Amino acid sequence: MLEIISKFFDKAKRDTGEPIIVTSQYHSLTPKMISRDARKVVSVLQDAGYEAYVVGGAVRDLLLGLKAKDFDVATDAKPAEVKALFRRSRIIGRRFQIVHVQFSREIIEVTTFRSNDTKSGDTRKKHRLQSDSGMLTRDNVFGSLNDDASRRDLSINAMYYDPGDNSIHDFAGGMADIEQRTIRIMGDPATRFREDPVRMLRVVRFAAKLAFSIEPRTSKPMHKLAVNLEHVSPPRLFDESLKLFMSGQGLATFWLLYEYGLFAQMIPQLSGMISDRNSLASKLIDHAFTNTDLRIRSSKRVTPAFIYAALLWPAVQKVAAHYQDRGNSPAYALSKAAGEVIAKQIPITAIPRRFTIAMREIWDLQLLLPRRGGHRAKRLVEHPRFRAAYDFVLLREQAGEELDNLGDWWTNYQNAGEEQREEMARAVGDSGKNPRRRSRRKPRSSRGQLTDG
Ligand code: ATP
Ligand code: MG
């Protein structure tokens, strides 16, 4: 059925800004696929005389037979008008004012149609500021449905579904691109990427997530414009980094980011170390993403701290080696390196403090887990970050670091009973102790100090 659609959605149509309206016999959606709450929001708005559609990711994912993550509604009602229609709703955001309508099971996000129109008069310019790099800094001009569609990023994200009459308004050939499994940015790629460099990350994210290929016209300017990511605010880039790395397709995403020079902008301290595919750093990242993807797909917990700890570990090791070469203790060298590497990353992706503390604990424990003789092992397994640190040891060994089968030892230790554990700790004996002198800066007499971040 989609083939029919793509045939009459030719290039000419793409550029007119007029949608084709795909009626129910030509697509696979049914109103039942939309959550009851989202349908309710649409019908209340429509009954009040407004236009309203389910838009964006939900339409795209449902057409692909995937589960919709959440339902966004777009309407010509202004935020205050939306708010007036729903008792449990509030207006949020400054840059983009949207309305959250609260239901018992979910929140439906309602966005007023916006415009991307640069040619309009003075009053509009006030609401739509553009920086020197061409980036949009404020964007609160309301517009028509057509305006709203043309300011979206990808053709597959610019489809509007009306559960009332079961039709899809397809503005940019999204149906055809779904069928051909193509990621296509709308409008002039370079202009759209300059307006908002995060769109390059979104191109890559959806290509990896959906296993779509990127249209060459879309990918062409990406490498050159990757540097524009430096204009994106660090908190936003951190959020985007989590969507990229924790999508369940982290490995594929990472490779695309790398290919287009985007990764070098995001984690510059690592990207210089992975040009050699056989390096420990390359293997570590490969395994880190492979493991994370598996965990996410089997609904296990993953923490941003672990991923960032892995991404920055090669740099931490390199800097730590430098300090150790200058005669510092391993513990001091590691702590100093950790501080420096994190300080360099924060201005790019603003990793919240609770995660940087956990990252430092995971790294600190890498020095402590080999020292498991006597009573130490017993104390270490009780450390709140033990599990992550142990997983990190396994990861390092998978990547080829030679750690004297430390991972196996800890695996066996955890599986052993009380008596056997004591036996194991005794057997390690002195070899589990640290041969070097103790660092005076970080005494290790109590467990509490392991958490020193
Ligand atoms: P998902 O939520 O599954 O990651 P999504 O497509 O719903 O995917 P959101 O970030 O929730 O992504 O955005 C909702 C919609 O808003 C998108 O489908 C797209 O139409 C539009 N959009 C989001 N970010 C941008 C952007 N940076 N530039 C232009 N349009 C955007
Ligand atoms: Mg969404």
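What counts as what
Residues numbered from 1 in each chain as written. Chains lettered and ligands numbered in written order. Predicted model: local features only at pLDDT ≥ 70, side-chain atom pairs only at ≥ 80, totals over all residues. Heavy atoms only, no water. Helix = DSSP H or I, 4+ residues; strand = E, 2+ residues; numbered from the N terminus. Contact = heavy atoms within 4.5 Å. Areas by Shrake-Rupley, 256 points an atom, 1.4 Å probe, with all protein chains shown as cover. Pairing = 2+ DSSP bridges. Axes fitted to C-alpha atoms, helices over the stretch in contact; angles between N-to-C directions. pLDDT = per-residue confidence, 0-100. Expected span 1.5 Å × (residues − 1). Buried < 20%, exposed > 50% of the residue type's maximum accessible area, 1.4 Å probe, protein only.

A. Region of the structure containing the overall build of the chain. Scanning the chain for helices and strands turns up 24 helices and ten strands. Considering only contacts within the chain whose residues lie at least 6 apart along the sequence, 68% involve residues at least 24 apart. Looking at the chain as shown, the accessible area adds up to about 21700 Å², and 50% of this sits on carbon and sulfur atoms.

B. Just the sheet that holds strand β3 (residues 72-75), in detail. Spatially, eight strands are ordered β1-β8-β7-β2-β3-β6-β5-β4 in an open sheet, and the strand pairing comes out mixed. Looking at strand neighbours, the two that pair on one side only are β1 (20-22) and β4 (89-92), the edges of this open sheet. Within this sheet the neighbouring strands show an average axis-to-axis angle of 30°, counted without direction. Across four bridges, β3 lies against strand β6 (residues 107-112) in parallel orientation. Directly across from Thr75, in β6, lies its bridge partner Thr112.

C. Molecular detail of the confidence of the model for the chain. Summarising the model, the chain shows a mean pLDDT of 88, and 87% of its residues fall at 70 or more. Under a pLDDT of 50 for its full length, residues 119-126 has, in the predicted model, six contacts with residues more than four places off or in other chains. With pLDDT under 50 throughout, residues 432-453 is counted as low confidence; its partners more than four residues away or in other chains account for 39 contacts.

D. Molecular detail of helix α19 (residues 330-345). The terminal C-alpha atoms of α19 lie 22 Å apart, and with 16 residues this matches the ideal 22 Å at 1.5 Å per residue to within 8%. In the core, the buried residues of α19 are packed alongside α15 (262-266), α16 (268-271), α18 (304-325) and α20 (353-368).

E. Structural detail: the pairing of strand β8 (residues 167-170). Residues of β8 alternate between two faces, with Ser167 and His169 on one and Ile168 and Asp170 on the opposite face, all of them buried. Pairing of β1 with β8 involves three bridges; the strand directions are antiparallel. Bridge assignment links Ile21 to a residue of β8, and that residue is His169. In the sheet, strand β7 (residues 159-162) pairs with β8 via four bridges, with the strands oriented antiparallel. If you follow Asp162 over to β8, its bridge partner there is Ser167. Where β7 hands over to β8, the hairpin turn is made up of four residues, of which Asn166 adopts a positive phi near 55°.

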